[in-house]
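# Topology and contacts: notes
This is what each chain is made of:
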Amino acid sequence: MLDRSIKRLTNFSVTHPWWVIGLTVVATVAFAAQFPKITIDTDPKHMLPVTSPVRQYNDQVEREFALHADVIALGIVNKQGIVNRTTLSRIAELTREIQKMPGVIARDVMSFTTIDNVTAQGSDLAVRPVLERIPESAADLEALRRTLLENPLFINRIVSPDGTATAIYVPIEPTANGKLIADEIRKLLPPDPGDDQYLLAGDPIARDTFGAEMFRQMGLFSPIAGLVMCIALWLMFRSVPMVVANMSVALVSIIWSMGLLIGLRYPVHIMSSMSPVFLMAIATDSVHIFNEFAFRFGEMRDKRRALLDTMATVGKPIFYSDVATAVGFASLATATIVPVKIFGLVVGFGTLVILLMSFTLVPAILILIREERIPKAARSLDESHATHPSSLARLGEVCVRRAGMIALIGGAFFLVAGIGLSRIRVNNNMVHWFKTESAVRTADRIMNERLGGTSTAYLVSQSENEDAMKDPVMLRGIEGLQRELEKDPRVGKTFSVVDYVRRINRVLHNDDPAFERIPDSAEEVGQYLFLFGTSARPSDLDNVVDYPFQKANLLLQLKSWDAGVMRDVIGRTEAYLAAHPLPGGAKVRPAGVAYFNLVWSDEVLWGMLESFLAGLVLVLILLVVQTRSLFWGILTFLPLLFTIALIYGVVGLVGKDFDMPVAVLSTLSLGMAIDFAIHFVGRFQQRYREHPNLREALVWTVARPGKGIFFNAILFALGFAVMVFADLTPYITVGVFMVAIMLLSALMSVIYLPGLIHLFHRVLLKGKLL
């Protein structure tokens, strides 16, 4: 039935080529009309579905404690010390101007001129900004310096311990673009900073800069990849129409799939932004058609018959390889990470478009080529093999003759890969998606070195009883947890209601350091918090307790965006609370962007593992159906398994993090790496049915279809190789890995399959091939 369907579709395309081309153009224009509606989304919170309990709880914490999801940090570093008139004047001016910016939540901008300093005036509590005016004298400057460096509320939060760095924290509206606001802040910076160094960091900058950059990178590298593949295609076939046919398939699949994504009102995420390059590379599958067509036309000199025979010969392998590729991508729909799910479906749909175009648009274009412009295979391989065997034919002879040794070498590599797989480390760090020397990563590194850290997390303590957070025993429990967490050098700062209570207790006792502790009575704590709440900015107390005083928020600043840091924080918290439980059965739950990063990092791991296993099963079933044999299905499956094991074994051996791009590639490789094995086995079975000589059929398959396999792999690799010059590391990772996957899977198919077929031919060839 499949053969008949392929034949009918090809016949129609060859008979009515202009109809096929016209309908394709009309549909393509319709999909392209959706492009002006494109939107981009790189918010990590949107990685998980709205119904995710983690996402819902995170939103709840932000509402209850008046926290802001997006905060930009403007770091100011002066190695001579920031407490000087010039730097302080600049801080004051920058704070005023930043508060005027649209999209900035002005009331909660935090700097020297807005952060509250808790002191006492006689017996009264006084709360006012630490920098109300610029000091005039050296004595006043020194007094300010002591005020900053002797107050634990400020250290590592708003000033570095050595007094050489500070930060202005700029919360922005949820709909604001962090990169655009950062660009406006840069315009405010002095053209001649002198000894001051200015740094912009924070999740919204990294996220929105990445969003803008990924759009630019794809706009740059997609056409470059297309140009490189055009040049390679022309060098292979010396035929402009064949180049046009291949690139037309790629262009149509890109426009249809991206147009569908945009038309359904889905935003473009990091992974879906890579779809054009993936589809451009997958479209190189049509090389098998060109390769076979050139051979056939060289043999029979009849264009229509050569084209129909070509499609009858390569149609089924192309169908099954493209379906396997689509299944591999579509299996990503089982993941919980939203961008991964969308990307899998987009590229899966695009792959099916490529399959349709292979049976319609490609034959329609080829039938219109004038015969004198068709590249000629000088002679059929059968004739030339007798006197001048090709290099691929000689390779086929070696593969058959040395099958046992090749299998042993492969087994040794597989064992080494197993060792590497056992060493894989799961981690995700969005800042590391930028190159080491980039402005985003440099700012993040310097600010983490000098201040508490640019990554934030929350640990929310919750009791069933009102006023529980006024209980000195509860506060001492939270204080003990803070001291425990601060033992980790990657935890740069902890801050909670405990710090306010300790500070108020000290200043109301004549600034005696002995009273920098939790009072002994809940009534005294309650009075302190009441005084502070009526004197300070509302957000100061809102950020650390709720008003029934049932919940307390412990804020953490972390010096790394690595998901593993937050995992260690949670582990240390659980261990401490197991030994020192909070009173009244109070529970502690994590939240914040650092925790969110950890959750979706784990979702990547387990989601990709589930998708990978589901894809493995689906592809294996598909191979068994295609070959109509369990043994042949498993054999066809082995190059894929070997390729994935070897590449990810190298990931473990070299110590590269198993992050989102690498995890996604594990599933993507299912469909892509299986393509060559399907073509090899399908063509071998065809040849063996026609000429039942095992050695000759294997050598022929390596030499003739093997040429198309290597052409396809080279084209694929060239398309992805251009991505190694990108400015964003996920694109570099994808480029390197896909080049490795394609070249390795081609080698496995052409070198290992002949040897394995020869070694196990008694099992594989017992009975007639169907």
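Residues numbered from 1 in each chain as written. Predicted model: local features only at pLDDT ≥ 70, side-chain atom pairs only at ≥ 80, totals over all residues. Heavy atoms only, no water.

## With respect to the overall build of the chain
As a reminder, the rule being used: A run of DSSP states H or I qualifies as a helix once it reaches four residues; a run of E qualifies as a strand once it reaches two. Both are numbered from the N-terminal end. We call a residue buried when its accessible area falls under 20% of the maximum for its residue type, exposed when it is over 50%, and partly exposed in between, using a 1.4 Å probe and counting protein chains only. Here, two residues are considered to be in contact whenever any of their heavy atoms come within 4.5 Å of each other. His residues and chain termini do not enter the charge count, which takes Lys and Arg as positive and Asp and Glu as negative. The location of each charge is read from NZ of Lys, CZ of Arg, CG of Asp or CD of Glu.
Assigned secondary structure in the chain consists of 30 helices and eleven strands. Residues classed as buried in the chain amount to 60% of the 770 residues present. For the chain, the share of sequence-separated contacts (at least 6 apart) that also reach a separation of at least 24 residues comes to 79%. Distance from the positive charge centre (73 side chains) to the negative charge centre (71 side chains) of the chain: 13 Å.

## Looking at the domain arrangement of the chain
How big an interface is tends to be reported as the loss of accessible area on association of its parts. Note the threshold: Domain limits in this description derive from either an automatic procedure or a database domain assignment. What gets called buried area is simply the loss in accessible area from a 1.4 Å probe that two parts show on being joined, summed for both. For this analysis, a salt bridge means a side-chain nitrogen from Lys or Arg found within 4 Å of a carboxyl oxygen belonging to Asp or Glu. Pairs of N or O atoms within 3.5 Å make up the polar contacts considered here, provided that, within protein, one atom can donate a hydrogen while the other can accept it, and that residues adjacent in sequence are counted only when both atoms are side-chain atoms.
With domains assigned, the chain is organised as domain 1 (1-33 + 238-384), domain 2 (68-202), domain 3 (387-422 + 629-770) and domain 4 (441-590). Each of domain 2 and domain 4 has a C-alpha centre, and the two are 22 Å apart. Across the contact, 38 residues belong to domain 2 and 27 residues belong to domain 4. Between domain 2 and domain 4, roughly 2500 Å² of surface is buried when both sides are summed, and carbon and sulfur atoms account for 61% of that area. It is Leu125, Leu153 and Asn156 in domain 2 that bury the most area against domain 4; as a group they hold 23% of the surface buried on that side. On inspection of domain 2 and its partner domain 4, the count reaches zero salt bridges. Summed over the shared surface of domain 2 and domain 4, the number is eight residue pairs in polar contact (both at pLDDT 80 or more).

## Here we look at the layout of surface pockets
Defined as follows: As defined here, a cavity is a set of points on a 1 Å grid over the protein atoms alone where a 1.4 Å probe fits but cannot get out. A pocket is an open set with protein on both sides within 12 Å along at least five of seven lines, and residues line them when an atom is within 4 Å of a point. Grid points are joined across faces, edges and corners, and a volume is the space filled by probe spheres set on the points.
In this model, the second largest pocket occupies a volume close to 480 Å³. In terms of lining, the second largest pocket is formed by 22 residues, of which the most central are Ala312, Thr313, Gly682, Gln686 and Arg689. Elements supplying a minimum of two residues to the lining of the second largest pocket: helix H10 (287-300), helix H11 (303-330) and helix H26 (675-690). For the lining of the second largest pocket, the leading source of residues is H26, giving seven residues. Counting contributing residues per domain, the lining of the second largest pocket is built from domain 1 (1-33 + 238-384) and domain 3 (387-422 + 629-770), each supplying no fewer than three.

## A look at the packing of aromatic side chains
To keep it simple, the criterion reads: Ring pairs shown here join Phe, Tyr and Trp side chains whose ring centres sit within 6.5 Å, with only the six-membered ring taken for Trp; geometry is labelled stacked below 30 degrees between planes, edge-to-face above 60, and tilted in between. By definition, being over a ring means that NZ of Lys or CZ of Arg is both within 6 Å of the ring centre and within 35 degrees of the ring normal.
In total, this model carries 15 aromatic pairs according to the counting rule given. When the ring of phenylalanine 329 is compared with that of phenylalanine 343, the centres are 6.2 Å apart and the planes differ by 80°; the resulting orientation is edge-to-face. Residue phenylalanine 329 is found in helix H11, and its partner phenylalanine 343 is found in helix H12 (residues 338-359); the two are separated by 14 residues along the sequence. Like phenylalanine 329, the residue phenylalanine 343 is buried in the burial classification. Geometrically, the ring pair formed by tyrosine 648 and phenylalanine 737 is tilted, given 6.0 Å between the ring centres and 55° between the ring planes. Here tyrosine 648 is found in helix H24 (residues 630-654), whereas its partner phenylalanine 737 is found in helix H29 (residues 729-759), with 89 residues between them in sequence. A single burial state applies to tyrosine 648 and to phenylalanine 737, both of which are buried. Its end group placed over the ring of phenylalanine 495, arginine 157 keeps NZ or CZ at 4.0 Å from the ring centre.

## Some details on unusual backbone geometry
A positive phi is found at alanine 66, a non-glycine position, where the angle reads about 50°. The phi angle at arginine 265 is positive, at roughly 70°, despite the residue not being glycine. Within the secondary structure layout, arginine 265 lies in the loop between helix H8 (240-263) and helix H9 (275-282). Judged by relative accessible area, arginine 265 falls into the exposed class, the value being 58%.

## Examining a nonpolar patch on the surface
Selection rule: The residues that make up patches have over 30% relative accessible area and no salt bridge, and they are joined within 9 Å when like-charged or within 5 Å when they are Val, Leu, Ile, Met, Phe, Trp or Tyr. Residue burial considers only the protein chains on display, and all accessible areas are found by Shrake-Rupley using a 1.4 Å probe.
On the surface, Leu227, Ile231, Trp234, Leu235, Val240 and Val244 cluster together into a nonpolar patch covering about 560 Å² of accessible area. Mapped by element, the contributors of at least two residues to the nonpolar patch are helix H7 (203-237) and H8. Looking at the nonpolar patch, the element that brings in the most residues is H7, giving four residues.

## With respect to the pattern of salt bridges
This structure, assessed with the given rule, holds 35 salt bridges. A salt bridge links arginine 502 to glutamate 479; its shortest N-O distance comes to 2.7 Å. Of this pair, arginine 502 sits in helix H19 (residues 497-507) while glutamate 479 is found in helix H18 (residues 472-485), placing the two residues 23 residues apart along the sequence. Residue class for arginine 502 comes out buried when judged on its relative accessible area of 18%. On the basis of relative accessible area, glutamate 479 is assigned to the buried category, the value being 15%.

## A word on the nonpolar core
This is how it is decided: Here, nonpolar core refers to any group of buried Ala, Val, Leu, Ile, Met, Phe, Trp, Tyr and Cys residues whose side-chain atoms link them within 4.5 Å.
Membership of the largest hydrophobic core comes to 244 residues, with the highest contact counts inside it found for Leu74, Phe112, Phe278 and Phe720. Counting residues per element, this core draws most heavily on H29, at 16 residues.

## Overview of the pairing of strand S2 (residues 116-121)
Stated formally: Two strands form a pair only when DSSP identifies at least two bridges running between them.
Here S2 pairs with strand S3 (residues 124-129) via six bridges, running antiparallel. Bridge assignment links threonine 119 to a residue of S3, and that residue is alanine 126. In this antiparallel pair of consecutive strands, S2 and S3, the connection spans two residues, and glycine 122 shows a positive phi of 70°.

## Some details on the sheet that holds strand S1 (residues 71-77)
What counts, and what does not: For helices, the axis comes from a line fit to the C-alpha atoms of the stretch in contact; other axes are also lines fit to C-alpha atoms, and the angle between any two N-to-C directions lies between 0 and 180 degrees.
The strand order across the open sheet formed by three strands is S4-S1-S5, and the pairing between neighbours is antiparallel. The sheet terminates laterally at strand S4 (165-171) and strand S5 (197-201), the two strands that pair on one side only. For this sheet, the mean inter-axis angle between neighbouring strands, taken without regard to orientation, is 20°. Two strands pair when backbone bridges link them, and S1 and S4 are joined in this way by seven bridges, in the antiparallel orientation. Considered in S4, the bridge of leucine 74 is made with isoleucine 168. Together, S1, S4 and S5 form the strand contacts of helix H4 (residues 85-99), whose direction differs from that of S4 by roughly 5°. Against the sheet, H7 engages S1 and S5, with an angle of about 110° to S1.

## Focus on the packing of H9 against helix H28 (residues 705-721)
Filter applied, for reference: Angle categories are assigned with fixed cut-offs, so that under 35 degrees is roughly parallel, over 145 is roughly antiparallel, 65 to 115 is roughly perpendicular, and the rest are oblique. Here a crossing is taken to be left-handed if its near helix is turned anticlockwise relative to the far helix by less than a right angle, and right-handed if that turn runs clockwise. Three categories are distinguished: nonpolar for Ala, Val, Leu, Ile, Met, Phe, Trp, Tyr, Cys and Pro, charged for Asp, Glu, Lys and Arg, and polar for the others, with Gly belonging to the last.
Between H9 and H28, whose axes approach to 8 Å, the crossing angle comes to 165°. Compared by their axis directions, H9 and H28 come out roughly antiparallel. Here H9 and H28 pass one another in a crossing that is right-handed. In this structure, H9 contributes Val277, Phe278, Ala281 and Ile282 to the contact, and H28 contributes Phe716, Gly719 and Phe720. For the contact of H9 with H28, the per-class residue count stands at six nonpolar, one polar and no charged.

## Remarks on the packing of helix H16 (residues 403-421) against H24
It is the contact of H16 with H24, at a shortest axis distance of 7 Å, that shows an interaxial angle of 45°. If you check the angle between H16 and H24, you find them oblique. Taken as a pair, H16 and H24 cross one another with a handedness that is left-handed. Within the contact between the two elements, H16 uses Gly410, Phe413, Phe414, Val416, Ala417, Ile419, Gly420 and Leu421 and H24 uses Leu641, Phe642, Ala645, Leu646, Tyr648, Gly649, Gly652 and Leu653. A per-class count over the contact of H16 with H24 returns twelve nonpolar, four polar and no charged.

## Section: the side chain of asparagine 78
If you trace the backbone, asparagine 78 turns up in the loop between S1 and H4. Judged by relative accessible area, asparagine 78 falls into the buried class, the value being 4%. A polar contact is formed between the side chain of asparagine 78 and the backbone nitrogen of glutamine 80, at a distance of 2.8 Å.

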